[in-house]
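# Breakdown of the fold
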Amino acid sequence: MGCVSLGAHVGGSQVLGIIPRAIAEGNFAGKTIWEELKVPTMQDRIWKMLDNSNAFIALPGGIGTLVEIFQIASWAQLNIHHKAKGLLNVDGFFNKLLSFLIKPGKKI
């Protein structure tokens, strides 16, 4: 994510890195170019992202990324937010997930 935040910053965007303390202790902190906010838990991270974001885009990642994708998507279905959301499907990374989730005529 350091490369993504650097690219966004160089492109003129404001960047806020929201990092759970447990991850920050693992030497992942300090990679955000701009502002960094440490929070107690992953759930706190998702709430802070919701509060501070105009939209959500997920890049290929691991289990934590999937948790965040599903949390943001389910909150949209529950009308907790109406923010844009999307997946950056690099090299078909999300193809199987999308084929599992998308049914004809139904949106996520």
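Refer to the preceding data block for the structure.
## Concerning the overall build of the chain
What the chain contains, in helices and strands, is five helices and four strands. Ordered by position from N to C terminus, the α and β elements of the chain give α-β-α-β-α-β-α-β-α. Across the 108 residues in the chain, those meeting the buried criterion constitute 24%. Long-range pairs, those at least 24 residues apart, make up 47% of the contacts in the chain with a sequence separation of at least 6. Summed over all atoms, the accessible surface of the chain reaches about 7,600 Å², with 59% contributed by carbon and sulfur.

## Quick word on the side chain of glutamine 71
Topologically, glutamine 71 is positioned in helix α4 (residues 63–77). Here glutamine 71 is in contact with Gln43 and Ile46, once residues within four sequence places are set aside.

## Looking at the pairing of strand β3 (residues 55–58)
Residues Phe56 and Ala58 line the buried face of β3, whereas the alternating positions Ala55 and Ile57 sit on a face that is not buried. Note that β3 and strand β4 (residues 84–87) share four bridges and pair parallel. Note that in β4 the partner of alanine 55 across the bridge is alanine 84. Note on the crossover from β3 through α4 to β4: the handedness is right-handed.

## Here's the deal with a nonpolar patch on the surface
Judged by side-chain polarity, Trp47, Leu78 and Ile80 come together as a nonpolar surface patch covering roughly 310 Å² of accessible area. Note on placement: leucine 78 falls in the loop between α4 and β4. By relative accessible area, which is 61% here, leucine 78 ends up exposed.

## What to know about the environment of proline 60
You can see proline 60 is positioned in the loop between β3 and α4. Judged by relative accessible area, proline 60 falls into the partly exposed class, the value being 34%. Those residues within four positions of proline 60 in sequence are excluded, and the remaining contacts are Leu88, Val90, Phe93 and Phe94.

## Quick look at the packing of aromatic side chains
Going through the model one piece at a time under the given rule, you end up with two aromatic pairs. Aromatic pair phenylalanine 93 and phenylalanine 94: ring centres 5.0 Å apart, planes at 85°, arrangement edge-to-face. The class for phenylalanine 93 is partly exposed, based on a relative accessible area of 45%.

## Some details on the environment of phenylalanine 56
Along the chain, phenylalanine 56 falls in strand β3. Considering only alpha carbons, one finds phenylalanine 56 and alanine 73, 17 residues apart in sequence, at a separation of 9.7 Å. Not counting chain neighbours up to four residues away, the residues in contact with phenylalanine 56 comprise Met49, Leu50, Ile72, His81, Lys83, Ala84, Lys85 and Gly86.

About the cut-offs
Residues numbered from 1 in each chain as written. Predicted model: local features only at pLDDT ≥ 70, side-chain atom pairs only at ≥ 80, totals over all residues. Heavy atoms only, no water. Helix = DSSP H or I, 4+ residues; strand = E, 2+ residues; numbered from the N terminus. Buried < 20%, exposed > 50% of the residue type's maximum accessible area, 1.4 Å probe, protein only. Contact = heavy atoms within 4.5 Å. Areas by Shrake-Rupley, 256 points an atom, 1.4 Å probe, with all protein chains shown as cover. Pairing = 2+ DSSP bridges. Right-handed = clockwise from strand over helix to strand, strands pointing away. Patch = residues over 30% accessible without salt bridge, like charges linked within 9 Å, V, L, I, M, F, W, Y side chains within 5 Å. Salt bridge = Lys/Arg side-chain N within 4 Å of Asp/Glu carboxyl O. Phe/Tyr/Trp six-rings, centres within 6.5 Å; stacked < 30°, edge-to-face > 60°.

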